[in-house]
Amino acid sequence: MEPAAVVTHVSVLDRGRELSGVVRSSESWFGAATRICASLHATPTPLDLSGEVKRFVLDHDVVVAVRAMTHGDLPDVTRWRQSEHVARWWTGAGEPTAEGVAAAYGPCIDGLTPTRMWVVEINGRSVGFLQDYRIGDHPEFALLGPDPEAIGVDYAIGDQAWVGRGLGAHVLWAWMLRAHHRFPDATSFFAAPDHRNAASLRVLAKAGFHQGVWFDAPQPDGSVATVVGCTLDVPTVLA
Ligand SMILES: CC(C)(COP(=O)(O)OP(=O)(O)OC[C@H]1O[C@@H](n2cnc3c(N)ncnc32)[C@H](O)[C@@H]1OP(=O)(O)O)[C@@H](O)C(=O)NCCC(=O)NCCS
């Protein structure tokens with residue numbers, strides 16, 4: 001007897017109305033959500049992809065965008081890095097002084113390193129930043145990560161006013177759509193938050209990542225942080 005096919009359910013919340021359907025074979029969760037809502041005006045973004053029903057929303061009021069960072073953004077990045085809620089978890093990449101931030105990110109902005117820097121805009125206002133890189137370009141991660149071709153990402157909403165308002169998964173999603181265009185052959189995205197960073201782990205789950213191995217990652221200050229490897233399967237979720 002053949003095993004029963006697993007059916008994945010998707011729903012899209014649009015101005016209080018919930019549309020639902022199932023994911024067809026060879027269709028991603030995002031593909032199903034886009035087909036189900038058939039909207040010309042908004043793109044489905046994840047509300048919560050961690051449960052049995054993959055829940056998306058059409059947000060007509062909040063536009064989250066990701067753009068390349070420039071040197072003109074560095075004063076904002078310095079302020080974000082100095083804010084308590086970011087400094088607690090963003091311990092790498094030097095001191096969060098103007099000089100330290102310029103030294104850490106200037107070469108990335110200029111394309112001199114494999115890491116690319118991005119600014120998050122919400123309704124046109126800069127509120128945070130992300131960085132991404134091919135895992136295989138960072139040997140210390142490549143040894144521990146499951147896939148050297150995966151695209152690694154780190155992120156922070158630096159402006160405290162926008163934290164804790166349910167926008168974390170939208171921010172990741174805006175990056176994911178762009179990363180998928182930039183790296184069409186990448187089949188996984190990877191992030192590794194500290195195991196105590198509950199907000200970050202929850203946001204990754206809401207955006208469709210699943211948790212994998214825990215490992216000890218050496219920190220620039222000589223300490224070791226126990227992080228949780230979280231992977232997003234691009235063909236399943238996005239492609
Ligand atoms: C991680 C970050 C981007 C998330 O953005 P956000 O706007 O706070 O996220 P959201 O509001 O969309 O969601 C946060 C989720 O975590 C949950 N959460 C927050 N703090 C929590 C805690 N201490 N314990 C358990 N859950 C927690 C919230 O309840 C929410 O889940 P829910 O929607 O199911 O209720 C943001 O908090 C941030 O920039 N933090 C500082 C930098 C950082 O940690 N970066 C990650 C480095 S890997």
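This one's a predicted model, so the numbers in the text were calculated from it and none came from an experiment.

(A) Here's a closer look at the environment of arginine 196. Residue placement: arginine 196 occurs in the loop between β9 (188-191) and α7 (198-206). Arginine 196 gets classed as partly exposed once you count the C-beta atoms within 10 Å, which come to 13. Sequence separation of arginine 196 and tryptophan 89 is 107 residues, and the distance between their C-alpha atoms is 9.4 Å.

(B) Geometry of the packing of helix α2 (residues 74-82) against helix α4 (residues 98-109). Orientation of α2 relative to α4, taken along the N-to-C sense of each, is 115°, at an axis distance of 9 Å. By the angle between their directions, the pair α2 and α4 is classed as roughly perpendicular. Crossing of α2 over α4 shows right-handed handedness. On α4, the residues that touch Leu74, Val77, Thr78 and Arg81 of α2 are Ala98, Val101, Ala102 and Tyr105. A class-by-class count of the residues in the contact of α2 with α4 yields six nonpolar, one polar and one charged.

(C) A look at the sheet that holds β9. Taken together, seven strands build an open sheet; the order of strands is β5-β6-β7-β8-β9-β11-β10 and the sheet is mixed. Of all strands in the sheet, those with a lone pairing partner are β5 (64-68) and β10 (210-218), marking the two edges. Strand after strand, the sheet turns through a mean of 30° between neighbouring axes, direction not considered. In this fold helix α6 (residues 168-182) packs onto β5, β6 (116-122), β7 (125-134), β8 (151-157) and β9, with an angle of close to 50° to the strand it touches most, β5.

(D) Highlighting the pairing of β9. Covered by surrounding structure in β9 are Ser188 and Phe190 together with Phe189 and Ala191, the residues of both alternating faces. Both β8 and β9 contribute to a ladder of two bridges, which runs parallel. Bridge pairing in β9 links glycine 152 to phenylalanine 190. Of the crossover connections in this fold, the one passing from β8 over α6 to the parallel β9 is right-handed. Where β9 meets strand β11 (residues 224-233), four bridges bridge the pair, whose relative direction is antiparallel. Following the sheet pairing, phenylalanine 189 is matched in β11 by leucine 232.

(E) Up close: the site of the ligand. Surveying the vicinity of the ligand reveals 23 residues, the closest of which are Trp89, Gly168, Ala198, Ala199 and Arg202. In terms of residue class, the shell around the ligand is built from 14 nonpolar, six polar and three charged.

(F) Geometry of the environment of phenylalanine 190. Residue placement: phenylalanine 190 occurs in strand β9. As a C-alpha pair, phenylalanine 190 and isoleucine 151 span 39 residues in sequence and 5.9 Å in three-dimensional space.

(G) How the structure looks around the pairing of β7. Pairing of β6 with β7, which is carried by seven bridges, proceeds in the antiparallel orientation. The partner of isoleucine 122 across the bridge, within β7, is arginine 125. The turn joining β6 and β7, which pair antiparallel and follow one another in sequence, is formed by two residues; a positive phi near 45° is taken by asparagine 123. For β7 and β8, the ladder comprises seven bridges, and the chain directions are antiparallel. When the sheet's bridge partners are listed, leucine 130 is paired in β8 with tyrosine 155.

(H) Seen up close, the domain arrangement of the protein. What the domain assignment reports for the protein is domain 1 (9-58) and domain 2 (64-237). Residue-level contacts link eight residues of domain 1 with 10 residues of domain 2. Those elements that provide at least two residues to the side of domain 1 that touches domain 2 are α1 (29-37) and β3 (45-48). Here the side of domain 1 that touches domain 2 gets three residues from one element, more than from any other, and that element is β3. For the side of domain 1 that touches domain 2, the residue count by class is four nonpolar, three polar and one charged.

(I) Just the sheet that holds strand β1 (residues 9-14), in detail. Across the sheet, which stays open at both edges, the four strands sit in the order β2-β1-β4-β3 with mixed pairing between neighbours. Each of the sheet's edge strands pairs with one partner strand only, and the pair in question is β2 (17-22) and β3. Geometrically, the sheet is characterised by an average inter-axis angle of 30° between neighbouring strands, direction not taken into account. Note: β3 against strand β4 (residues 53-58), three bridges, orientation antiparallel. In the sheet register, proline 46 faces β4, and the bridge partner there is phenylalanine 56. Of the strands in this sheet, β1, β2 and β4 touch α1, which is tilted by about 50° from β1.

Reading the values: rules and limits
Residues numbered from 1 in each chain as written. Predicted model: local features only at pLDDT ≥ 70, side-chain atom pairs only at ≥ 80, totals over all residues. Helix = DSSP H or I, 4+ residues; strand = E, 2+ residues; numbered from the N terminus. Buried ≥ 20, exposed ≤ 12 C-beta atoms within 10 Å, placed from the backbone. Axes fitted to C-alpha atoms, helices over the stretch in contact; angles between N-to-C directions. Parallel < 35°, antiparallel > 145°, perpendicular 65-115°, else oblique. Left-handed = near helix turned anticlockwise from the far one by under 90°. Contact = placed C-beta atoms within 7 Å. Nonpolar A, V, L, I, M, F, W, Y, C, P; charged D, E, K, R; others polar. Pairing = 2+ DSSP bridges. Right-handed = clockwise from strand over helix to strand, strands pointing away. Near = placed C-beta within 6 Å. Domains from an automatic or database assignment.

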